[in-house]
Amino acid sequence: MSSTIDINKICEWCGKEFIAHKCSTRFCSKRCSEHAYKDMRRKAHVETENRRTEQKVKKKHFASEQFFTPRQCAVLLGIGKSSVYRCLAEGIIPCIRLKGKTLISRASIDKMFENAPEYVRREKKEAEPIEEFYTTKEVLEKFDISNSWLFKIATER
Ligand SMILES: [Zn+2]
């Protein structure tokens, strides 16, 4: 038989005093609990919206700058940060290192688009038809190799 405990608590939603039977109870009723839950959800939603706006403002702000960090460049181009670093390493996007900071100029990004090569649609490569077939014996004779070596090569594939 479980013992019932009475704990005097104050509802976190309506502020009324009530008797709880568990220490973790925070509200006097299901109604208050639901109100609090909805409020929590609403606050979280507002916070997300605020963060989104903040990011948009930041993006708008640096979009008019002349120099970007790789992170800003990634946001601006809508690609991943690691993709930007790969482009920097491959020289696709020019950059300079200034006192430990990597900077990309807006002009060089614009130039990249001006000098963009013509878009070529990637064709599906057709497999070349295999025209020659050899038996094991023929391969051994043709390439002058040992049976064990051929076996080793064949099983490696
Ligand atoms: Zn309440």
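Residues numbered from 1 in each chain as written. Predicted model: local features only at pLDDT ≥ 70, side-chain atom pairs only at ≥ 80, totals over all residues. Heavy atoms only, no water.

Caption draft 1: Structural detail: the pattern of salt bridges. In the structure shown here, the tally under the stated rule is 6 salt bridges. One salt bridge in this structure joins Arg26 and Glu12, with 2.9 Å as the shortest N-O distance. Highlighted residues: Arg26 in the loop between strand S2 (17–20) and helix H1 (30–63) and Glu12 in the loop between strand S1 (7–10) and S2, separated in sequence by 14 residues. The class of Glu12 is partly exposed, set by a relative accessible area of 49%. A salt bridge links Arg51 to Glu47; its shortest N-O distance comes to 3.6 Å. Residue Arg51 and its partner Glu47 are both found in helix H1; the two are separated by 4 residues, about one turn of the helix. One salt-bridge network, held together by shared partners, links Asp39, Arg42 and Lys43. (Salt bridge = Lys/Arg side-chain N within 4 Å of Asp/Glu carboxyl O. Helix = DSSP H or I, 4+ residues; strand = E, 2+ residues; numbered from the N terminus. Buried < 20%, exposed > 50% of the residue type's maximum accessible area, 1.4 Å probe, protein only.)

Caption draft 2: Representation of the layout of surface pockets within the structure. Roughly 260 Å³ of internal volume is contained in the largest pocket. Around the largest pocket, the lining residues are Arg52, Gln55, Lys56, Lys58, Lys59, Phe62, Arg71, Gln72 and Val75. Ranked by the residues each element gives to the lining of the largest pocket, the list is headed by H1, at 6 residues. Each of domain 1 (7–61) and domain 2 (65–114) contributes no fewer than three residues to the lining of the largest pocket. (1 Å grid on protein atoms, 1.4 Å probe; cavity = no way out; pocket = protein on both sides within 12 Å on 5 of 7 lines; lining within 4 Å. Points joined across faces, edges and corners; volume = space filled by probe spheres on them. Domains from an automatic or database assignment.)

Caption draft 3: Quick look at the coordination of the zinc ion. Protein ligation of the zinc ion involves Cys11 (SG), Cys14 (SG), Cys28 (SG) and Cys32 (SG), the donor distances falling in the range 2.2 to 2.3 Å. Each of the 4 donor atoms around the zinc ion contributes to a set of angles spanning 104 to 116 degrees, which defines the coordination as tetrahedral. Within one chain, the residues serving as donors to the zinc ion are arranged as C-x2-C-x13-C-x3-C. Using a relative accessible area of 39% as the deciding quantity, one classes Cys14 as partly exposed. (Donors = N, O, S within 2.8 Å, 3.2 Å for Na, K, Ca; no water. Tetrahedral: all angles 85-135°; square planar, octahedral: opposite > 155°, others 65-115°.)

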